[in-house]
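Analysis of the macromolecular model
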Amino acid sequence: MPLPTFELTYKLNEISSRLFSISFNNTTDIQAYKVVCTYIKELLAKKQTEFYNSQIKKEKKQVYYMSMEFLVGTSLKNNLFNLGVEKLFFKVLSENGKNLNDLYALDPDAGLGNGGLGRLACCYMDSLTTQNFVATGFSIRYEFGIFKQKIIDGWQMEFPDNWLDKGEVWLRPREDDAVYVSFGGETEEWYENGHFKTKLKNCKTVKAIPYDMFITGYNTKAVNKLVLWSAVVPDFDMSAFSRGDYLRSLEQNTMAEVISKVLYPADDHTEGKRLRLKQQYLLCSASLQSIVNFHLKKYKTLSNIEEKIAIHINDTHPALCVPELMRIFMDEHDLSWDEAFLKCSKILTYTNHTVMSEALEKWSVELFKTELPRIYKITEEINRRLVKYLSDIYPNDYKKIDYMSVISDGYVKMYNLCLSCCHKINGVSALHTKILTEGIFKDYYNIDNARFLNVTNGIAYRRWLCQANPNLSNYLLKLLGPGFLTDCNALSELKNHKNNKTVLTDLYTIKQQNKAALAKYISQNNGIKVDINSVFDVQIKRLHEYKRQLLNVLHILYLYIRLKEDKNFHITPKTFIFGAKASAGYIMAKQIISLINSAAELINNSPVTKDLIKVVFLEDYRVSLAEKIIPAADISEQISLAGKEASGTGNMKLMINGAVTLGTLDGANVEILKCVGKNNIYIFGNTEKQVEEILSSGYNVFNYINKNPYLKQVLNMLVSGELNKRFPDILDSLTTNKYGIADRFLNLADFDSYVLAQEEISRAYENKEKFGRMSLMNIANAGLFSADRSVLEYAFNIWDLKR
Ligand code: 26V
């Protein structure tokens, strides 16, 4: 690459005749899509082998990123962009009567994740590759990714997402490298020549087949891999079959295959579901077996393994890596406990992504023990030694020891399993890391603070700016030159133009073009006509009470009430755009989606508001939809309750596309404020410290409701019948203790200051130059939030990789 056009045409014809026995120019679009993807995949396979071999020959240390989620999104455009061949493909395709954009439209949005954590994993793979690190992602080849969301009569419904029917073209199966993973049964233990031996009997074994998905970096020879495991029945149980026990052998079959069937679509609470534990163990066991096998093949010894590999645990979901790596070292390679534990500790590192207590993973001992008997024994021993160690440090402080232990109260606490072993532990924003080290993990921090550090999240901005927003990116290319394509900090040169009226006007024009494109999408999908001269105010993220989409709606209802009361109430036209999936079982979240849709129905059609405010709920929020919304945003809503959002990454994607943040001092918003300065952001609401004080001194919502008659009317609207549905549960959640404490996420305590911030935005937007400059300053100061910077910090401060 780059290839001459005739050579590419020749290759496409060759693949076309191999796959479909026709020439490329006679293919249908879907066939052409498969031909092009196959060509890219085969090219990447070759490049990956070359890159990997060249690095491994130098005995370079490599990192394995273990994650139950990789929210890949589409691949074709990203790969062509990274390889620098997009233009060439446009040309060759059009010579063959095809439009590359039509093929892009066929590329499935691989939704192998729920939200921020899964998307972050992909952004990091992208940046690691761009910077020539040898990095391998490990996850599961879910047949069904995150569900497809449909809104029916205002209510979220979930439908299966069969991404593989087209997505399979990106995968390369490696049947020959399959490994076996066992569940259930009992442990058998004995001594042999003075050595402890153990094995599982009566267990059920599944075969795990790896599928490679290749990861390109920008403008580099490096190509890495994401390895996805698929579980299948080992070999058809012929003996059962010959006994006539057909059904049992079939049952075995479906049992195995169900493990990699579907992604758990919840990111809000631990459910303790057996199948989820099996998925986690499949990921850990299959990946670690293949990692250790590879190491032994290359080095013939485990003595140096901790110098050659780092294994990263992305949140606690792959925490079983700790006991599984112990098992492999001890049971399969005869290392002693102490040798094995020291190695595990040097190899394993862990990132925490949430402080929400409901999301901190734990498993019932009963379940853990029956599914993973050997792993349970090892975990028990880790805990026994841990408790002994802690008793020396905190003698007689049973409460603290219990809090810090891996097993207590009938549960295995996965975060403590990671804390007890990993040699580096990090949070994902400065504030989040502070909360970890001074709050939930402080007892561990106080014993050994050197293990803890912060790595503020970052984004693959070449996807989120360059590919998603070609209008802006091409403009910046002309204005600033190509430096920012490899160094995000080069965007800061845009600051030199902050008083340049032409540049401000150009940026405004680009934003309006992007808004027009989104307006078209909204009109096609929602049948709503929105005004591109209104403020596009965007809140796109998973639906969670702590993220406070509700606060946003309460404000919208407030505007409606004000306008209804007084036709002359001045308001800057605004379009409120939402995108959010709720976990299927999270009823309150689903009710909030329903409320947003009811508010949209009323407000978009009411004569008092219809030309001033529009409310749009965009169905099926996903990576590819985010890529359409983000370039068109004026305002980025980041309004979580302070102390609850670990970092946020949507805030960074919106910022780099010129949206101005309206946010609380939460997660990475704190750092965004530092970068842009207080004049280029709207900060409102109680700080994390104030939140603690309010909650500990007994939060009384009526102190806030009684002070603000409009707030009272807003709350009343939830049940008055003026909306097409009534929302008594939402009202109860805000004003009664029926669902835990009233308004546990302090929507009402932050309401007044939110309204004021929105009013300030209105005034600023009416001054085009002022708002345009704020927008420019957001683009110019986004450099810190590049995933290129984040992964360098991981590489040097956590994994100890060399360039
Ligand atoms: C949690 C759980 C809980 C158990 C059930 C299954 C499940 C699946 C996913 C999760 C993930 C929750 C953590 C998460 O996504 N955190 C988000 O991570 C982003 C990347 O660091 C960060 O920007 C967001 O603030 C944080 O909420």
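Because the structure is a prediction, the values reported are computed rather than measured. (Residues numbered from 1 in each chain as written. Predicted model: local features only at pLDDT ≥ 70, side-chain atom pairs only at ≥ 80, totals over all residues. Heavy atoms only, no water.)

**Details of the overall build of the protein**
The following threshold applies: Secondary structure is summarised from DSSP: a helix means a run of H or I of at least four residues, a strand means a run of E of at least two, and numbering begins at the N terminus for each. This radius of gyration counts C-alpha atoms alone. The globule rule is 2.2 Å times how many residues there are, raised to the power 0.38. Any two residues whose heavy atoms approach within 4.5 Å at even a single point are treated as in contact. Positive: Lys, Arg. Negative: Asp, Glu. His and the chain ends are not part of the count. Charged side chains are reduced to one point each, which is NZ for Lys, CZ for Arg, CG for Asp and CD for Glu.
Tallying secondary structure elements over the protein gives 34 helices and 25 strands in all. For 803 residues, the compact-globule formula gives about 28 Å, and the C-alpha radius of gyration of the protein, at 27 Å, lands near that figure. Each principal axis of the C-alpha atoms in the protein carries an extent, and together these give about 90 × 75 × 60 Å. A separation threshold of at least 6 residues defines the contact pool for the protein, and within that pool the share at least 24 residues apart is 76%. Here the protein holds 98 positive side-chain charges and 91 negative ones, and the gap between their average locations is 4 Å.

**Points about the state of the cysteines**
Heads up, the condition is: The disulfide definition used here is simple: a pair of cysteine sulfur atoms within 2.5 Å.
Across all of its chains, the model carries zero disulfides by this definition. Looking at the unpaired Cys 37, the closest cysteine sulfur is the one in Cys 122, lying at 17 Å. Summary of cysteine pairing: Cys 123 is not part of a disulfide, and the nearest cysteine sulfur, belonging to Cys 122, is at 7.1 Å.

**Things to note about the sheet that holds strand β15 (residues 362-364)**
The line we're drawing: Pairing between strands is defined by DSSP: at least two bridges between them are needed.
Taken together, the three strands give an open sheet; going across it, the order is β15-β17-β16, and neighbouring strands pair in antiparallel fashion. The two strands at the open ends of the sheet, each matched to only one other strand, are β15 and β16 (407-408). Pairing of β15 with strand β17 (residues 411-413), which is carried by three bridges, proceeds in the antiparallel orientation. Note on β17: the bridge partner recorded for Trp 363 is Val 412.

**Some words on the site of the ligand**
To keep it simple, the criterion reads: A molecule or strand has a residue near it when one of that residue's heavy atoms lies within 4 Å. Within 3.5 Å is the distance limit for a polar contact, defined as a pair of N or O atoms, with the added protein rule that one can donate a hydrogen and the other accept it, and that residues adjacent in sequence qualify only through two side-chain atoms.
Taken together, 20 residues lie near the ligand, and His 353, Asn 457, Glu 645, Ser 647 and Gly 648 sit nearest. Side-chain polar atom of Asn 457 to an oxygen atom of the ligand: 2.9 Å apart, as the coordinates give it. In this structure, an oxygen atom belonging to the ligand sits 3.0 Å away from a main-chain N or O atom of Ser 647. For the shell around the ligand, the element with the highest residue contribution is helix α6 (residues 116-130), accounting for three residues.

**Quick look at the sheet that holds strand β24 (residues 660-663)**
Read across the open sheet, the six strands follow the order β22-β21-β20-β23-β24-β25; overall the sheet is parallel. Both outer strands of the open sheet, β22 (613-618) and β25 (682-683), are each paired with one neighbouring strand and no more. In terms of strand pairing, β24 meets β25 through two bridges, oriented parallel. By the bridge assignment for β25, Leu 662 is matched with Tyr 682.

**As for the nonpolar core**
Note the cut-off: In this description, a nonpolar core means a group of buried Ala, Val, Leu, Ile, Met, Phe, Trp, Tyr and Cys residues linked to one another through side-chain atoms lying within 4.5 Å. Residue exposure (1.4 Å probe, protein chains only): buried if accessible area is under 20% of the type maximum, exposed if over 50%, otherwise partly exposed.
Among the nonpolar cores identified, the biggest contains 212 residues, and Leu 76, Ile 311, Phe 329 and Leu 348 are the most heavily contacted of them. Tallying contributions element by element places helix α2 (residues 29-57) first for this core, with 13 residues. With residues up to four places along the chain from it excluded, the contact list for Phe 329 reads Val 292, Leu 302, Ile 305, Asp 334, Leu 335, Ala 340, Lys 343, Cys 344 and Ile 347. Formed by 75 residues, the second largest nonpolar core is a distinct cluster that contains Val 535, Ala 642, Val 691 and Ala 757.

**A short note on the packing of α2 against helix α3 (residues 76-83)**
Put simply, the rule reads: All axes are obtained by fitting lines to C-alpha atoms, using only the stretch in contact for helices, and the reported angles, taken between N-to-C directions, cover 0 to 180 degrees. Any angle from 65 to 115 degrees is called roughly perpendicular, while one under 35 is roughly parallel, one over 145 is roughly antiparallel, and all others are oblique. Rotating anticlockwise by less than a right angle from the far helix to the near helix defines a left-handed crossing, while the corresponding clockwise rotation defines a right-handed one.
Direction vectors running N to C along α2 and α3 enclose 50°, while the axes themselves pass 11 Å from each other. When the axes of α2 and α3 are compared, the pair comes out oblique. Considering the relative orientation of α2 and α3, their crossing is left-handed. Contacts between α2 and α3 involve Tyr 33, Val 36, Cys 37, Ile 40, Leu 43, Leu 44 and Lys 47 from the former and Leu 76, Asn 79, Leu 80 and Leu 83 from the latter.

**Overview of α3**
Of all eight residues making up α3, seven are buried, and the element is well covered by its neighbours. Listed in full, the buried residues belonging to α3 are Leu 76, Asn 78, Asn 79, Leu 80, Phe 81, Asn 82 and Leu 83. Considering only its buried residues, α3 is in contact with α2, α4 (86-95), α5 (100-106), α6, β11 (204-216) and α20 (461-467). Gly 84 sits one or two residues past α3 and shows a positive phi near 70°.

**Some words on the pairing of strand β12 (residues 223-232)**
When you tally the buried positions in β12, you get ten out of ten residues, the bulk of the element. Residues Val 223, Lys 225, Val 227, Trp 229 and Ala 231 line one face of β12 and the alternating positions Asn 224, Leu 226, Leu 228, Ser 230 and Val 232 line the opposite face, and both faces are buried. In terms of strand pairing, strand β4 (residues 135-140) meets β12 through five bridges, oriented parallel. Bridge pairing in β12 links Gly 137 to Leu 226. Examined bridge by bridge, β11 and β12 share ten bridges and lie antiparallel to one another. Paired with Asp 212 across the two strands is Val 227, which belongs to β12. With antiparallel pairing between neighbouring strands as the criterion, β11 and β12 make up a hairpin whose turn holds six residues, including Asn 219 at a positive phi of roughly 55°.

**So, the packing of aromatic side chains**
Rule in force here: Classification of ring pairs rests on two measures: the distance between centres of Phe, Tyr or Trp rings, Trp counted by its six-membered ring, which must be within 6.5 Å, and the angle between planes, read as stacked under 30 degrees, edge-to-face over 60 and tilted in between. Two limits define a charge over a ring: the Lys NZ or Arg CZ must be within 6 Å of the ring centre, and within 35 degrees of the ring normal.
Counted by the stated rule, this structure contains 20 aromatic pairs. Ring centres 5.8 Å apart and planes at 80° place the aromatic pair Phe 183 and Tyr 281 in the edge-to-face group. A residue pair is termed long-range when its members are at least 10 positions apart, and Phe 183 in strand β8 (residues 179-183) and Tyr 281 in helix α10 (residues 274-299) qualify at 98 residues. The residues Phe 183 and Tyr 281 share a single accessibility class, namely buried. Taking the centre distance of 5.7 Å and the plane angle of 90° together, the rings of Tyr 558 and Tyr 710 count as edge-to-face. Taken together, the positions of Tyr 558 in helix α23 (residues 549-565) and Tyr 710 in helix α30 (residues 709-717) put the pair 152 residues apart, joining distant regions of the chain. Taken individually, Tyr 558 and Tyr 710 each receive the classification buried, so the pair is uniform in this respect. One aromatic cluster in this structure is built from Tyr 65, Phe 70, Tyr 124, Tyr 794 and Trp 799. Directly above the ring of Phe 147 sits Lys 581, whose terminal nitrogen or CZ lies 5.5 Å from the centroid.

**Some points on the packing of helix α32 (residues 751-766) against helix α33 (residues 768-780)**
How two helices sit against one another is set out by the angle between their axes and by the gap between those axes. Contact geometry of α32 with α33 gives a least axis separation of 5 Å together with a crossing angle of 110°. Judged by the angle between their axes, α32 and α33 are roughly perpendicular. Counting all contacts with α32, which are made through Ala 764, Tyr 765 and Glu 766, the residues of α33 involved are Lys 768, Lys 770 and Phe 771.

**Observations concerning unusual backbone geometry**
Residue Asn 219 is not a glycine yet carries a positive backbone phi of 55°. Residues other than glycine seldom take positive phi values, yet Lys 300 does so here, at roughly 60°. For Lys 300, a relative accessible area of 65% corresponds to the exposed category.

**A few points about the pairing of β22**
Here is the rule: Handedness is read with the strands pointing away from the viewer; a crossover is right-handed when the path from the first strand over the helix to the second is clockwise.
With six of its six residues buried, β22 lies for the most part within the structure. Here six bridges tie strand β21 (residues 574-579) to β22, and the two strands are oriented parallel to one another. Directly across from Lys 574, in β22, lies its bridge partner Ile 613. With helix α24 (residues 587-605) bridging β21 and its parallel neighbour β22, the resulting β-α-β unit is right-handed.

**Some details on the side chain of Asn 114**
Checked against the element boundaries, Asn 114 lands in the loop between β3 (110-112) and α6. Its relative accessible area of 7% is what places Asn 114 among the buried residues. A polar contact of 2.8 Å, which involves the side chain of Asn 114, links it to the side chain of Arg 542.

**Some words on the environment of Ile 635**
Locating Ile 635 in the fold gives a position in strand β23 (residues 635-638). On the accessibility criterion, Ile 635 (0% relative accessible area) is buried. Separated by 270 residues in the primary sequence, Ile 635 and Val 365 place their C-alpha atoms 47 Å from one another. Once residues lying within four places of it in the same chain are set aside, the contact partners of Ile 635 are Val 535, Phe 536, Asp 537, Val 538, Ala 659, Val 660, Leu 662, Ile 761 and Phe 771.

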